[in-house]
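Here is how the chains run, residue by residue.
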Amino acid sequence: MSGIGGVGGPMGVDRVLALRAQILEKNQALQRAGANATAPTTQAASGPGSFGDTLQQVLNGVNGAQAKAGDLSAAYERGENVDIAKVMLARQEASIGFEATLQVRNKLLSAYKDIMSMPV
């Protein structure tokens, strides 16, 4: 018996090769199904966006939420007919988005520092 957890011998190798063939067949079937899917969107057709583009889109979304919250707060302070619940909800959404952005930034900086401290 070999050291591969009881898969030794010609019967075990045949079984592993059969499993490998099944996995390859399923992978090819999934690729064919993906190729036959409906027409992809323009983003998918041009390939996946870069990390920088995705990060920029998220930051623009957070910035938009903060601008909306600021506008609603200013309208409420001016005495316009704005529901206080909408103002508070917009401020909370902006706050949560900002906190999440800070957490992502902290994780990215931590990962960068870890990578830079790795020996070559």
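1. What to know about the pattern of salt bridges
Turning to step 1, where the next piece is worked out: The tally for this structure, following the rule as stated, stands at one salt bridge.
Turning to step 2, where the next piece is worked out: The partner of Arg78 in a salt bridge is Glu80, and the shortest N-O contact between them spans 3.0 Å.

2. Structural notes on helix 4 (residues 84-116)
Turning to step 1, where the next piece is worked out: Given a rise of 1.5 Å per residue, 33 residues ought to cover 48 Å, and the 48 Å separating the end C-alpha atoms of helix 4 matches this to within 8%.
Turning to step 2, where the next piece is worked out: Taken residue by residue, helix 4 has Val87, Ala90, Ala94 and Gly97 as its buried positions.

3. Things to note about a nonpolar patch on the surface
Turning to step 1, where the next piece is worked out: Taken together, Phe51, Leu55, Leu59, Val104 and Leu108 make up a surface patch of nonpolar side chains, about 420 Å² in accessible area.
Turning to step 2, where the next piece is worked out: Among the elements of the structure, helix 3 (51-77) and helix 4 are those that each provide at least two residues to the nonpolar patch.
Turning to step 3, where the next piece is worked out: When residues in the nonpolar patch are grouped by element, the largest group, three residues, is from helix 3.
Turning to step 4, where the next piece is worked out: Taking the relative accessible area as the measure of exposure, Phe51 reaches 56% and is therefore exposed.

4. A closer look at the side chain of Ser73
Turning to step 1, where the next piece is worked out: Along the chain, Ser73 falls in helix 3.
Turning to step 2, where the next piece is worked out: We classify Ser73 as buried; its relative accessible area is 10%.
Turning to step 3, where the next piece is worked out: Residue contacts for Ser73: discarding those within four places in its chain leaves Val87 and Arg91.

5. Some details on the confidence of the model for the protein
Turning to step 1, where the next piece is worked out: Summarising the model, the protein shows a mean pLDDT of 82, and 79% of its residues fall at 70 or more.
Turning to step 2, where the next piece is worked out: Per-element mean pLDDT across the protein ranges from 46 in helix 2 (residues 42-45) up to 94 in helix 4.
Turning to step 3, where the next piece is worked out: Low confidence marks residues 38-46, where pLDDT is under 50. Its contacts with residues over four positions away, or in another chain, come to three contacts.

6. Structural notes on helix 3
Turning to step 1, where the next piece is worked out: The terminal C-alpha atoms of helix 3, which comprises 27 residues, lie 39 Å apart, in line with the 39 Å expected from a rise of 1.5 Å per residue.
Turning to step 2, where the next piece is worked out: Val62, Ala69, Ser73 and Ala75 are the residues of helix 3 that are buried.
Turning to step 3, where the next piece is worked out: Of the surrounding secondary structure, the elements contacted by the buried residues of helix 3 are helix 4.
Turning to step 4, where the next piece is worked out: Following helix 3 by one or two positions, Gly79 has its phi on the positive side, about 90°.

Conventions used here
Residues numbered from 1 in each chain as written. Predicted model: local features only at pLDDT ≥ 70, side-chain atom pairs only at ≥ 80, totals over all residues. Heavy atoms only, no water. Salt bridge = Lys/Arg side-chain N within 4 Å of Asp/Glu carboxyl O. Helix = DSSP H or I, 4+ residues; strand = E, 2+ residues; numbered from the N terminus. Expected span 1.5 Å × (residues − 1). Buried < 20%, exposed > 50% of the residue type's maximum accessible area, 1.4 Å probe, protein only. Patch = residues over 30% accessible without salt bridge, like charges linked within 9 Å, V, L, I, M, F, W, Y side chains within 5 Å. Areas by Shrake-Rupley, 256 points an atom, 1.4 Å probe, with all protein chains shown as cover. Contact = heavy atoms within 4.5 Å. pLDDT = per-residue confidence, 0-100.

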